[in-house]
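Single-letter residue listing:
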Number of protein chains: 2
Amino acid sequence: MGLPVNQPEHSRLHERIRADHATEVAEDYVEAIDDVQREKGICRAVDLARRFGVSHVTVSRTIGRLTRDGYVETEPYGPIRLTTKGKRVATQARNRHDIVYQFLLALGVGEQTAAIDSEGIEHHVSRETLRAMERFTRRDQG
Amino acid sequence: MGLPVNQPEHSRLHERIRADHATEVAEDYVEAIDDVQREKGICRAVDLARRFGVSHVTVSRTIGRLTRDGYVETEPYGPIRLTTKGKRVATQARNRHDIVYQFLLALGVGEQTAAIDSEGIEHHVSRETLRAMERFTRRDQG
DNA sequence: ACCCATTTTTAGCCCAGGCTACATTTGGAG
DNA sequence: CTCCAAATGTAGCCTGGGCTAAAAATGGGT
Ligand SMILES: [Mn+2]
Ligand SMILES: [Mn+2]
Ligand SMILES: [Mn+2]
Ligand SMILES: [Mn+2]
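In what follows, the accompanying structure is described.

The rules behind these values
Residues numbered from 1 in each chain as written. Chains lettered and ligands numbered in written order. Predicted model: local features only at pLDDT ≥ 70, side-chain atom pairs only at ≥ 80, totals over all residues. Heavy atoms only, no water. Helix = DSSP H or I, 4+ residues; strand = E, 2+ residues; numbered from the N terminus. Buried < 20%, exposed > 50% of the residue type's maximum accessible area, 1.4 Å probe, protein only. Contact = heavy atoms within 4.5 Å. Lys, Arg positive; Asp, Glu negative; His and termini not counted. Charge placed at Lys NZ, Arg CZ, Asp CG, Glu CD. Donors = N, O, S within 2.8 Å, 3.2 Å for Na, K, Ca; no water. 1 Å grid on protein atoms, 1.4 Å probe; cavity = no way out; pocket = protein on both sides within 12 Å on 5 of 7 lines; lining within 4 Å. Points joined across faces, edges and corners; volume = space filled by probe spheres on them. Nonpolar A, V, L, I, M, F, W, Y, C, P; charged D, E, K, R; others polar. Near = heavy atom within 4 Å. Polar contact = N/O pair within 3.5 Å; in protein donor to acceptor, adjacent residues only side chain to side chain. Phe/Tyr/Trp six-rings, centres within 6.5 Å; stacked < 30°, edge-to-face > 60°. Lys NZ or Arg CZ within 6 Å of the ring centre and 35° of its normal.

Here's the deal with the overall build of chain A
At step 1: If you tally the helices and strands in chain A, you get six helices and two strands.
At step 2: The dimensions of chain A, computed from C-alpha atoms along their principal axes, are 50 × 50 × 25 Å.
At step 3: Expressed as a percentage of its 142 residues, the buried residues of chain A come to 46%.
At step 4: Taking the intrachain contacts of chain A between residues at least 6 apart in sequence as the baseline, contacts between residues at least 24 apart amount to 54%.
At step 5: With 22 positive and 22 negative side-chain charges, chain A shows a spacing of 4 Å between the two charge centroids.

Structural data, given as structure tokens:
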């Protein structure tokens, strides 16, 4: 067994990365579903296909996985609704995404770049780093 | 066709993310291969399996793709060597990774967290954001 | 009421990146 | 030299997340 090594074991890092990737799609989807619902009342698969730039079939299959995992509910040919769990994750995801976005702006990055980079970075930011980003943004221009 | 929209179209963002993911494994592998070579002269598949916490079969298949894409060269039962292209990508990847890591430290994040988060964030940082991070780190403690 | 455009579903394909089980090769210890 | 442990390769499986083509359902406009 051996005592727990205190330096981060490299394999651990990558396990985290793989775990992040597994939840990444779920986070982006529930956030997008929530967005669409705010914008136009209900969310349909076709809305997500446009938003993500993928085919409607890909959306349909992904929604199947999200349903299986308890994030969304649908009936055949019906709209896509978030479960309680889905709403919670959507709120957290949007919050975190926004913190990262505002942080990049505060760092001096342009809006377009901040929008693009935050979309990927958000999924790999721990609580600790998120807090540090908030602190910086507040101090810088709050 | 329509005129190019100037606000970042949401689907564009996600296309970037998907592209980043496609190169992510290649970047981490060539960086790791370079690391191992520095540490112990030659790099073998087992070294990478340990480092990434995956089976040697997964490494073998991944190395096959990297060979196909011109990043590495191997002979049967031989060590893993980087091509010129592979070395270039490894150097760039390490450089960028280090900038992100140092930046997180400068932001006030702990070493463990910085190590973990930088491993994921590095792949989603544009040149512009990377420059902003360098600027901040230099100003903060350079 | 009907028709048709839009939407969703289904079938079937691809590739990346995981795995286990088993076969083969290699090189060093004795 | 021989043998065996370690490394590598091969076969076959899985899931996620992409795609196209074609079928089926829905619902709004006339
Ligand atoms: Mn998001
Ligand atoms: Mn995202
Ligand atoms: Mn790296
Ligand atoms: Mn990485």
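Considering the coordination of the manganese ion (ligand 2)
Ideal donor angles around a metal are set by the shape: a four-donor tetrahedron calls for 109.5 degrees, a six-donor octahedron for 90 or 180 degrees.
At step 1: Donor atoms from the polypeptide that coordinate the manganese ion (ligand 2) comprise Asp28(A) (OD), Glu119(A) (O), Glu119(A) (OE), Glu122(A) (OE) and His123(A) (NE2), at 2.0 to 2.4 Å from the metal.
At step 2: Here the donor residues of the manganese ion (ligand 2) share one chain and are spaced in sequence as D-x90-E-x2-E-H.

Observations regarding the layout of surface pockets
A probe as big as a water molecule, rolled over the atoms, marks out the empty space that is left.
All names here are of chain B.
At step 1: By volume, the second largest pocket is sized at about 470 Å³.
At step 2: What lines the second largest pocket is a set of 18 residues, among which Glu27, Gln92, Arg96, Val125 and Arg127 lie closest to the centre.
At step 3: Among the elements that take part in the lining of the second largest pocket, helix H1 (residues 10-40) stands out by supplying six residues, more than any other.
At step 4: The class makeup of the residues in the lining of the second largest pocket is seven nonpolar, six polar and five charged.

Thoughts on the protein's contact with DNA strand C
At step 1: Neighbouring residues of DNA strand C: 18 residues in total, closest Arg44(A), His56(A), Ser55(B), Thr58(B) and Arg65(B).
At step 2: When the atoms of DNA strand C within 4 Å of the protein are grouped by moiety, sugar and phosphate amount to 65% of the total.
At step 3: Measuring from a phosphate oxygen of DNA strand C, one finds a backbone N or O atom of Tyr77(A) at 3.4 Å.
At step 4: Between DNA strand C and Arg65(B), the relevant distance is 2.9 Å, taken from a phosphate oxygen to a side-chain nitrogen or oxygen of the residue.
At step 5: Classifying every residue of the surface near DNA strand C gives nine nonpolar, four polar and five charged.

As for the packing of aromatic side chains
At step 1: If you walk through the whole model with that rule in mind, you get six aromatic pairs over all chains.
At step 2: A centroid spacing of 6.1 Å and a plane angle of 50° characterise the contact between Phe103(A) and Phe103(B), whose relative ring orientation is tilted. Taken as a pair, Phe103(A) in helix H4 (residues 84-107) and Phe103(B) in helix H4 (residues 84-107) lie in two separate chains rather than in one. Like Phe103(B), Phe103(A) is buried.
At step 3: With a centroid separation of 4.5 Å and an interplanar angle of 20°, the aromatic rings of Tyr29(B) and Phe52(B) are classed as stacked. Within this pair, whereas Tyr29(B) is found in helix H1, its partner Phe52(B) is found in helix H2 (residues 45-52), the two being separated by 23 residues in sequence. The exposure classification of Tyr29(B) matches that of Phe52(B), with both residues buried.
At step 4: These aromatic residues form a ring-pair network of at least three members: Phe103(A), Phe136(A), Phe103(B) and Phe136(B).
At step 5: Over the ring of Tyr71(A) we find Lys85(A), and its NZ or CZ is 4.4 Å from the ring centre.

A look at the protein's contact with DNA strand D
At step 1: Around DNA strand D sit 17 residues, and of these Ser55(A), Thr58(A), Arg68(A), Arg44(B) and His56(B) come closest.
At step 2: Considering the 4 Å shell around the protein, atoms of DNA strand D inside it are sugar or phosphate in 64% of instances.
At step 3: The separation between a phosphate oxygen of DNA strand D and a polar side-chain atom of Thr58(A) is 2.6 Å.
At step 4: Here a phosphate oxygen of DNA strand D sits 3.4 Å away from a polar atom, N or O, in the main chain of Ala45(B).
At step 5: Only helix H3 (56-68) of chain A together with H2 and helix H3 (56-68) of chain B provide two or more residues apiece to the surface near DNA strand D.
At step 6: Sorting elements by how many residues they give to the surface near DNA strand D places H3(A) first, with five residues.

Concerning the coordination of the manganese ion (ligand 1)
Residues and elements named next belong to chain A.
At step 1: The manganese ion (ligand 1) binds to the protein through Glu31 (OE), His97 (ND1), Glu122 (OE) and Glu122 (OE); the donor distances cover 2.1 to 2.7 Å.
At step 2: Donor residues for the manganese ion (ligand 1), ordered by position in the chain, follow E-x65-H-x24-E.
At step 3: Between the manganese ion (ligand 1) and the manganese ion (ligand 2), both coordinated by Glu122, there is a metal-metal distance of 3.7 Å. Taken together, the residues His97 in helix H4 and Glu122 in the loop between helix H5 (111-121) and helix H6 (127-141) connect sequence positions 25 residues apart.
At step 4: Overall, His97 belongs to the buried group, its relative accessible area being 11%.
At step 5: Judged by its relative accessible area of 0%, Glu122 is buried.

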